[in-house]
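# Structural characterization, general
Each chain, letter by letter, is given below.
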Amino acid sequence: MKKGWFFFLFLVVLLPASAQYYQRMYNESASDFIERIKPEGKNVVHEVIETTWNSGDTKVIFAFWEIDVPAEDNSYTGVDVDGKLLVPVDNSLSYKMIDIDMYPEDPYTPHILSVFFYDTDGDGQRELIVLYAWTINTYEMGGTSYEAAIYKPVNYSYLPEKLTRIEYLNGGMEASNIFGEEFRAVFKDAAGVCAILKNRKKIEN
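The following paragraphs examine the structure supplied in this document. (Residues numbered from 1 in each chain as written. Predicted model: local features only at pLDDT ≥ 70, side-chain atom pairs only at ≥ 80, totals over all residues. Heavy atoms only, no water.)

## With respect to the sheet that holds strand β10 (residues 182–183)
Taken in spatial order, the five strands make up an open sheet running β6-β7-β8-β9-β10, and their pairing is antiparallel. Both edges of this open sheet fall to β6 (111–118) and β10, since each of them pairs with a single strand only. As defined by bridge partners, strand β9 (residues 165–177) adjoins β10 across two bridges and the pair is classed as antiparallel. Following the sheet pairing, S176 is matched in β10 by E182. (Pairing = 2+ DSSP bridges. Helix = DSSP H or I, 4+ residues; strand = E, 2+ residues; numbered from the N terminus.)

Here is the structure:
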């Protein structure tokens, strides 16, 4: 009994009250882990990614799932996308869940197209980039609107509760309207985003 109380107090003292920790089962795949801990009844909307991110041999997990968000007047409930980063604590099977960002319905739920890394400032640390898109479907126009968000690298010695967003990149629209006008997006995939960032670095240098 004393050992149980000691362990409980150990967790209370060492783990921040607001932090969320999840235990991964031995030999459990990343996708099965996420399916088990995600909100009940909600869909994972992008392939679960387990990879390194400026973290040596330690692999972290990126996951994105639906989340219900009531309107301010409670007239309806929208469906946003909630991004999460899970980092193993002390190379154990205990993971801290860190918020990446919320990707809002506008007016449709966004699609997460790509999750990748790029050293945007040349400091040797790769930033996280999430590329996403919304469907455009109105009487006058149809197509797709693109956007990317760039996030600051994680300090693994002091894990945050939420990633720091550095900036948004507006990719514009790939669309047409009833008047016959055609619109072309600045980027539609990871290669397009990287090309813009690479060109920007050339200009800055």
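## Thoughts on the nonpolar core
Most often, soluble globular proteins have nonpolar side chains that are buried together. In this structure, F62, L85 and L128 are the most contacted members of the largest nonpolar core, which totals 22 residues. If near-sequence neighbours (up to four positions away) are discounted, L128 is found in contact with W53, F62, I100, V115, F116, F117, A149, I150, Y151 and L163. (Core = buried A, V, L, I, M, F, W, Y, C linked by side-chain atoms within 4.5 Å. Buried < 20%, exposed > 50% of the residue type's maximum accessible area, 1.4 Å probe, protein only. Contact = heavy atoms within 4.5 Å.)

## Considering the sheet that holds strand β5 (residues 94–103)
With antiparallel pairing, five strands are arranged side by side in an open sheet as β1-β5-β4-β3-β2. Across the chains shown, the open sheet's two edge strands, defined by having one partner strand only, are β1 (20–23) and β2 (49–51). If you compare each strand with its neighbour and ignore which way they point, the axes differ by 35° on average. Sheet topology places strand β3 (residues 60–70) next to strand β4 (residues 77–88); 10 bridges connect them, and they run antiparallel. Bridged to A63 within β4 is K84. Contacts between helix α2 (residues 30–37) and the sheet are confined to β1, β2, β3, β4 and β5, with β3 contributing the most and set at about 25° to the helix. (Axes fitted to C-alpha atoms, helices over the stretch in contact; angles between N-to-C directions.)

## Description of the pattern of salt bridges
Going through the model one piece at a time under the given rule, you end up with 13 salt bridges. With its nearest N and O atoms 3.8 Å apart, the salt bridge here joins E35 to K38. Take K38: its relative accessible area is 14%, and that puts it in the buried class. Here R184 ties to E182 by a salt bridge, and the two come within 3.7 Å at their closest N and O atoms. (Salt bridge = Lys/Arg side-chain N within 4 Å of Asp/Glu carboxyl O.)

## Comments concerning the side chain of K96
Among the structural elements, K96 can be located in strand β5. K96 sits in the buried class, given a relative accessible area of 3%. A polar side-chain atom of K96 sits 3.4 Å from the main-chain carbonyl oxygen of P160. Every residue in contact with K96, bar those within four places of it in the chain, is listed here: A19, Q20, Y21, L85, L86, V87, V89, L159, P160 and E161. (Polar contact = N/O pair within 3.5 Å; in protein donor to acceptor, adjacent residues only side chain to side chain.)

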